[in-house]
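A closer look at the structure
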Amino acid sequence: MRIVFATAEVSPIAKTGGLGDVCGSLPKALRELGHEVVIFMPMYRQAREWFAKNNVEPEPLGERFMLSWADWTTDIRFFRTSLPGTDIPLVLTENQFLFERPHIYSPRPDGSDDYLERYTIFCRAVINACERFQFAPDILHAHDWHTALLPVYLHSGLRGSEVFRNTRSVFTIHNLNYQGVAGSDQLRHLGLHSRYWAPDAIEHFRDVNLMKGGIMMADQVTTVSPNYAHEIRTPEHGAGLDGVLREVWWKVTGILNGIDTEEWNPATDSLLEANFEAGHLHGKAISKRMLAKEAGLEHRPTAPLIGVVSRLVDQKGFQLLIPVMHRLIDAGAQFVVLGSGDPRFEEAFAQIAAQRPDAAKAWLTFDNSLAHRIYAGSDMLLMPSIYEPCGLNQMYALRYGTIPVVRMTGGLADTVTPFDGTNLPQANGFGFFGQSPSELYTATWLSMLNYKDPGLWNTLQFTGMREDFSWHRSAREYEAVYRRALGW
Ligand code: ADP
């Protein structure tokens, strides 16, 4: 099959979270199954910087040209390189004004957020590139609200074009809570027929809702774990689109994300001081000592070191941790926190780290190589997410012999089997269900108690480290979804 991936993020070039990880690794697994994949993403400043740092020079693909759509006109130039470490083509859409910003999702310098313009132009550029370079995809795979307009455009007339005549669309929901919502006055910028201003298309309670448009118009919809696929049909997790998702349930599939098992392999990870594998954990003990040193914490080999690597936003549930963090430290835990986001959380973690310098460190930044060292050097990884479509960190942690302590929601419930005292052969972590700090406290404390039993702990580690979270199985499920979209 010929597959176009259109995405706002591709790891390791420009990523803020799981969307980037998926779009940087699923194409490799599809390629291994024999499919032809081309990835499109914007040429952000972060991408340019990544290429410069890694001595990669994307080649210009054709001349700069004016792209006009509805009442927008802008200049575009395409560049081509390949997904790092592969021969998979990666096409970058360059426009200085739209994509040359301090962060991937930064607004304009004057503070106004032109997200609708940025990603509408990007979607039209993807279509333009396929037509310009005569690439006729079987599958147009759009990801999250940024590229949700692609299934809508495909539905609204592109099938009249030679290149897209046989193309079918797949839309993946990575996080339903970011929907790309805009006022009804913005509809005119999308260049859509008025038929699409309807509750069975892009309108949602008198607003433009790109995510809804993608869900309604795509031939198939996927989301990133089976449990999240169920949860998003409920008012609690449906973010206002649960009714829509119940209506189109027949075309929604939950496919658990895989992880890039080459990048995330403790036996070969070059970002670690010492490597290790299941059954041979000496390198993990060294990683713990090095991490404590790097964090300026007192090295306590037998005290549990708890890691956090996360965006610091309400979704991730640190409002449950902060009120009990001192008590967990009093009970013997040490913490290393790597994250950035909401100043409320950043300040709270900075304050606790300042108050307890021997037991808590907070790095309030984004640092991929430090993230590797935290997964390797910690004993537990805490993920108290309020909701979690899939979650990758718990899978990285499991692979690095770090026991996840999680709130049992979304993909966390699909990947973590909490130890309950009776299920040692299956268990690989600890979990809780409620949304209170005391429940987080109890689950973490329970993990700390069990940490004192090295035999039991090693069994939990061994189980987690041996699990197969590679993309291979998931890629086959995507392949099946593509076939359903194509009616093959
Ligand atoms: P989400 O996409 O909601 O942020 P995921 O668990 O799906 O959550 O993916 C998070 C990804 O981002 C992981 O690869 C994780 O290691 C990475 N990550 C998050 N915050 C940071 C950070 N501050 N520094 C380095 N990596 C981070």
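This report concerns the structure included in the present document.

Rules of the game
Residue numbers run consecutively from 1 along every chain, following the written order of its sequence. Per-residue local features of the predicted model are confined to residues with pLDDT of at least 70, and side-chain atom pairs are confined, for both listing and counting, to 80 or more; whole-chain, interface and lining totals are unaffected and use all residues. With hydrogens and water stripped out, all remaining heavy atoms of the structure feed into the side-chain values. In these notes, a set of buried Ala, Val, Leu, Ile, Met, Phe, Trp, Tyr and Cys residues joined through side-chain atoms within 4.5 Å is what counts as a nonpolar core. Residue exposure (1.4 Å probe, protein chains only): buried if accessible area is under 20% of the type maximum, exposed if over 50%, otherwise partly exposed. To qualify as a helix, a DSSP run of H or I must reach at least 4 residues; to qualify as a strand, a run of E must reach at least 2; elements of each kind are numbered from the N terminus. Note on contacts: a residue pair qualifies if any of its non-hydrogen atoms lie within 4.5 Å across the two residues. Two strands qualify as a pair provided that DSSP identifies no fewer than 2 bridges between them. An axis is simply a line fitted to the C-alpha atoms; with a helix, the fit covers only the stretch in contact. Between two such axes, the angle follows the N-to-C directions and lies from 0 to 180 degrees. Note on terminology: angles under 35 degrees are roughly parallel, angles over 145 are roughly antiparallel, angles of 65 to 115 are roughly perpendicular, and the others are oblique. Whether a residue is near a molecule or strand is decided by its heavy atoms; if any one of them lies within 4 Å of it, the residue is near. N or O atoms closer than or at 3.5 Å make up a polar contact, with two conditions inside protein: a donor-capable atom paired with an acceptor-capable one, and, for residues adjacent in sequence, both atoms drawn from side chains. Surface accessibility in these figures is a Shrake-Rupley result with a 1.4 Å probe; residues are shielded only by whichever protein chains are displayed. Think of it as three bins: nonpolar holds Ala, Val, Leu, Ile, Met, Phe, Trp, Tyr, Cys and Pro, charged holds Asp, Glu, Lys and Arg, and polar takes everything else, Gly as well. What fixes the domain bounds is an automatic or database domain assignment.

With that out of the way, let us pick up the nonpolar core. Within the largest apolar cluster, 102 residues are counted, with the highest numbers of intra-cluster contacts made by Leu190 and Ile215. Per element, the largest residue contribution to this core is 10 residues, and it comes from helix α4 (residues 115-132). The contact partners of Leu190, leaving out residues within four places of it in the chain, are Trp69, Ala70, Leu116, Thr120, Leu149, Tyr153, Ile202, Val208 and Leu210. If you look at the next biggest cluster of nonpolar residues, it comprises 39 residues, including Ala359, Ile386, Ile403 and Leu456.

Here we have 9 strands laid out as an open sheet, ordered β3-β4-β5-β2-β1-β6-β7-β11-β12, and mixed in their pairing. Each of the sheet's edge strands pairs with one partner strand only, and the pair in question is β3 (59-69) and β12 (252-254). Each strand of the sheet is rotated relative to its neighbour by a mean of 25 degrees, with strand direction disregarded. Bridge analysis of strand β1 (residues 2-6) against strand β6 (residues 139-143) gives 4 bridges, and the strand direction is parallel.

What follows covers the packing of helix α1 (residues 18-32) against helix α18 (residues 471-486). It is the contact of α1 with α18, at a shortest axis distance of 9 Å, that shows an interaxial angle of 80 degrees. Taken together, the axes of α1 and α18 are roughly perpendicular relative to one another. Contacts from Val22, Ser25, Leu26, Ala29 and Leu30 in α1 reach Trp471, Ala475, Tyr478 and Tyr482 in α18.

Glancing now at the site of the ligand. By nearness alone, 20 residues border the ligand, and Gly18, Arg311, Lys316, Thr365 and Tyr375 come closest of all. Within the backbone of Gly18, a nitrogen or oxygen atom sits 2.5 Å from an oxygen atom of the ligand. In this structure, a nitrogen atom belonging to the ligand sits 2.9 Å away from a main-chain N or O atom of Thr365. Considering the ligand on its own, with 560 Å² of exposed area, one finds that the protein chains cover 94% of that surface. Where the shell around the ligand is concerned, the elements lending two or more residues are α1, β13 (305-312), β14 (334-341), α13 (368-377) and α14 (393-399). Broken down by class, the residue content of the shell around the ligand amounts to 7 nonpolar, 8 polar and 5 charged. If you count residues domain by domain, the shell around the ligand takes at least three from each of domain 1 (2-258 + 472-486) and domain 2 (282-467).

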